[in-house]
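Residue strings, one per chain:
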Amino acid sequence: MSVDPWYAVALAGLTVPVLLLVRGRRDLLAYLAAYFFVFGFGPVVSYLLGGAIYFGTNTMLIGRASLGLLLAFAGVLAAGLLVRQRTDLSDPAEDAAEHHFPLVPVVLVALSLYAAVVLVLGGSGFLVGTKLDRIGVAGPGHYDYLLLEMLACSLYFMAAHTSVGRFAYRLNLVVYVVYCVSTGERDFVFVLFALILHRELVSGRGFARPVVWGLALLLGATALFSLRGGGPADAGQVLNQGSVLFVDTWVMAHVPSVDPYAHGATYLDALVNLVPGHAQVPLSQWLVDRYAPGSDSGYGFSLTGEAYLNFGLAGIPVLFAGLTLVHRLLVNRIDRAPVHAYASLLFTIAWMYGFRGESASMLKTCVYGLVFYGLIRLVSVSVKDRAPEEVLRPCA
């Protein structure tokens, strides 16, 4: 089963204006859908216009992959229309001001110092070589640092209510972006876009600035991709951000003809992967082992490809409808408590990142993020409730 790719592009593209017309210009989900459209259908449009696409993409299955992406947008649209975003959201920083989180600036400054030390020690090593070479210069803590930054940047509303917190947050954000650019990583694009969307959502202003920022970040991601790959930064590069189409066509070519449907096994593996000592083979590695055995290259994965791997086309709209409902629930509660504001921002970042990844990384980010928040909140509460002499005694 497949569909004319042009029809899929046109129908999926209607998701954004429909959400804006029905739910209003402040519907955060509409802007996320626009992001998914660029990263999902960008390569499809490039192919249809005669441009280049990711090497290895099975062009015979682009129609089927386009149908899968269209079903993902159908799931987003259905759940987005079913559950309305609140229009009376207040600034979560006002609620956070009722609490004291002394560990927030400490964590942010610590991450800033770590990244600064890595950049100084790496020196000119970050100016030459491939992305893998620069990651090697960054050292073994590279991916742990990137994960911690996703969690730390989600503390925005908890840091924004004090001058110290705002300074520490801005310092960390600047150093984080410099670190990502130096190592060829584009993670900061998801973080910045999610942060901008949430700031504008609670500010009461329009969403013109997020649109401008979104375009700027897309162009920045394209430029970074071109620099690390040595290619030109043209329209083709803008449309070919990520390898979702490659992954989806490859999975559809091999499942179930070569490998059977997983029937939810990868989602179970994602849960098992959270248990220390029970790491499962990531789907990105599963793909490499079958597509290019022995290669040190990475192709990522995709949430649509994983849903198809488990349940075929029928699993795609169910997964994306479920993710949309979780997103709506968190956004509609961001002004209820600091944990909701934190979780909404973190989930948005994880979903944007996971769209080109898999459920295991998305689940890991969210679960570890809640543990991270719990530690900050637990220590913060205990420090607040103690007398000053009790706080100073351990340091004596």
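Before reading on, note that the structure itself is shown above.
Given the structure is predicted, the values throughout are model-derived calculations rather than measurements. (Residues numbered from 1 in each chain as written. Predicted model: local features only at pLDDT ≥ 70, side-chain atom pairs only at ≥ 80, totals over all residues. Heavy atoms only, no water.)

Colleague: Looking at this structure, how should I read a nonpolar patch on the surface?
Modeller: A cluster of nonpolar side chains, Val-109, Leu-113, Phe-167 and Leu-171, forms an exposed patch at the surface whose accessible area comes to about 370 Å². Of all the secondary structure elements, the ones that give two or more residues to the nonpolar patch are α6 (103–122) and α10 (163–183). The class for Phe-167 is exposed, based on a relative accessible area of 57%. (Patch = residues over 30% accessible without salt bridge, like charges linked within 9 Å, V, L, I, M, F, W, Y side chains within 5 Å. Areas by Shrake-Rupley, 256 points an atom, 1.4 Å probe, with all protein chains shown as cover. Salt bridge = Lys/Arg side-chain N within 4 Å of Asp/Glu carboxyl O. Helix = DSSP H or I, 4+ residues; strand = E, 2+ residues; numbered from the N terminus. Buried < 20%, exposed > 50% of the residue type's maximum accessible area, 1.4 Å probe, protein only.)

Colleague: Sorry if this is basic, but what is going on with empty space enclosed by the protein here?
Modeller: The gaps left among the atoms become clear once a water-sized probe is rolled over them. Summed over all chains, the structure comprises one cavity of 30 Å³ or more. Volume-wise, the largest cavity comes out at about 40 Å³. Lining the largest cavity are Ala-33, Phe-36, Ala-72, Phe-73, Val-76, Phe-320 and Phe-355. Contributions of two or more residues to the lining of the largest cavity are made by α3 (28–48) and α4 (62–82). (1 Å grid on protein atoms, 1.4 Å probe; cavity = no way out; pocket = protein on both sides within 12 Å on 5 of 7 lines; lining within 4 Å. Points joined across faces, edges and corners; volume = space filled by probe spheres on them.)

Colleague: What's the story with the packing of aromatic side chains in this structure? I'm lost.
Modeller: How two aromatic rings sit relative to each other is set out by the distance from centre to centre and by the angle between their planes. Under the counting rule described, the total for this entry stands at 23 aromatic pairs. Residues Tyr-35 and Phe-39 carry aromatic rings whose centres are separated by 4.6 Å and whose planes lie at 40° to one another, so their mutual orientation is tilted. Highlighted residues: Tyr-35 and Phe-39, both in helix α3, separated by four residues, approximately one helical turn. Of the two residues, Tyr-35 and Phe-39, neither departs from the other in class, the shared state being buried. With a centroid separation of 5.6 Å and an interplanar angle of 35°, the aromatic rings of Tyr-114 and Tyr-145 are classed as tilted. Pair noted here: Tyr-114 is in helix α6 and Tyr-145 is in helix α8 (residues 142–153), with a separation of 31 residues, a long-range link. (Phe/Tyr/Trp six-rings, centres within 6.5 Å; stacked < 30°, edge-to-face > 60°.)

Colleague: Explanation requested: the environment of Gly-68 in the structure shown.
Modeller: By secondary structure assignment, the location of Gly-68 is in helix α4. C-alpha separation for the pair Gly-68 and Gly-312, spaced 244 residues apart in sequence, amounts to 9.0 Å. When residues no more than four places from it in sequence are discounted, the contact partners of Gly-68 are Thr-304, Leu-313 and Ile-316. (Contact = heavy atoms within 4.5 Å.)

Colleague: Would you explain unusual backbone geometry in this entry?
Modeller: Note: most peptide bonds trans; most residues except glycine with negative phi. Here the amide bond leading from Val-255 into Pro-256 is cis, since omega sits at 5°, within 30 degrees of zero. Position of Pro-256 among the secondary structure elements: in the loop between α14 (244–254) and α15 (265–272). Its identity as a non-glycine residue notwithstanding, His-263 has a phi of 50°, on the positive side. Inspection of the secondary structure assignment puts His-263 in the loop between α14 and α15.

Colleague: Sorry, what's going on with the nonpolar core here?
Modeller: In summary, soluble globular proteins display a tendency toward joint burial of nonpolar side chains. In terms of nonpolar packing, the biggest core is built from 110 residues, with Tyr-176 and Trp-351 touching the most fellow members. With 12 residues, the top contributor of residues to this core is α3. (Core = buried A, V, L, I, M, F, W, Y, C linked by side-chain atoms within 4.5 Å.)

Colleague: Any chance you could explain the environment of Tyr-169 here in plain terms?
Modeller: Topologically, Tyr-169 is positioned in helix α10. Measuring from C-alpha to C-alpha, the distance between Tyr-169 and Ala-159 comes to 6.7 Å, with 10 residues separating the pair along the chain. The residues contacting Tyr-169, other than those within four sequence positions of it, are Leu-108, Ala-152, Cys-153, Leu-155, Tyr-156, Ala-159 and Leu-195. Among the polar contacts made by the side chain of Tyr-169, one reaches the main-chain carbonyl oxygen of Cys-153 at a distance of 2.5 Å. (Polar contact = N/O pair within 3.5 Å; in protein donor to acceptor, adjacent residues only side chain to side chain.)

Colleague: In this structure, what is going on with the packing of α4 against helix α18 (residues 315–331)? I would like to understand it.
Modeller: As a packed pair, α4 and α18 sit with axes 7 Å apart at the nearest point and diverge in direction by 35°. Here α4 runs over α18; the crossing is right-handed. Along its contact with α4, which presents Gly-68, Leu-71, Ala-72, Gly-75, Val-76, Ala-79 and Gly-80, the element α18 presents Ile-316, Pro-317, Phe-320, Ala-321, Thr-324, Leu-325 and Arg-328. (Axes fitted to C-alpha atoms, helices over the stretch in contact; angles between N-to-C directions. Left-handed = near helix turned anticlockwise from the far one by under 90°.)

Colleague: Would you mind showing me how to read the side chain of Glu-149 here?
Modeller: Examined against the element boundaries, Glu-149 turns out to sit in helix α8. In this structure Glu-149 is buried but unpaired, with Arg-170 as the nearest side chain of opposite charge at 14 Å. With residues near it in sequence (within four places) discarded, Glu-149 still touches Leu-111, Asn-172 and Tyr-176. (Lys, Arg positive; Asp, Glu negative; His and termini not counted.)

Colleague: Where do I start with the packing of α4 against α14 in this structure?
Modeller: For any two helices packed against each other, the geometry is given by the interaxial angle and the distance between the axes. At a closest axis distance of 9 Å, the pairing of α4 and α14 adopts a crossing angle of 110°. Relative to α14, α4 is oriented roughly perpendicular. Handedness of the α4/α14 crossing: right-handed. On α14, the residues touching Ile-62, Arg-64, Ala-65 and Leu-69 of α4 are Val-244, Leu-245, Asp-248, Thr-249 and Met-252. Taken together, the residues of the contact of α4 with α14 sort by class into six nonpolar, one polar and two charged. (Parallel < 35°, antiparallel > 145°, perpendicular 65-115°, else oblique. Nonpolar A, V, L, I, M, F, W, Y, C, P; charged D, E, K, R; others polar.)

Colleague: Can you walk me through the pattern of salt bridges in this structure?
Modeller: If the charged atoms of two oppositely charged side chains come close together, the side chains can form a pair. Counted under the stated rule, the structure contains five salt bridges. Arg-328 is the salt-bridge partner of Asp-27, the closest N and O atoms lying 2.7 Å from each other. Within this pair, whereas Asp-27 is found in the loop between α2 (15–23) and α3, its partner Arg-328 is found in helix α18, the two being separated by 301 residues in sequence. Between Arg-86 and Asp-335 there is a salt bridge, with its nearest N and O atoms 2.8 Å apart. Linking Arg-86 in the loop between α4 and α5 (92–96) with Asp-335 in the loop between α18 and α19 (338–354), this pair joins segments that are 249 residues apart in sequence. Residue Arg-86 shares its accessibility class with Asp-335, and that shared class is buried. Bridged by salt links that share partners, the residues Arg-86, Asp-88 and Asp-335 form one connected network.

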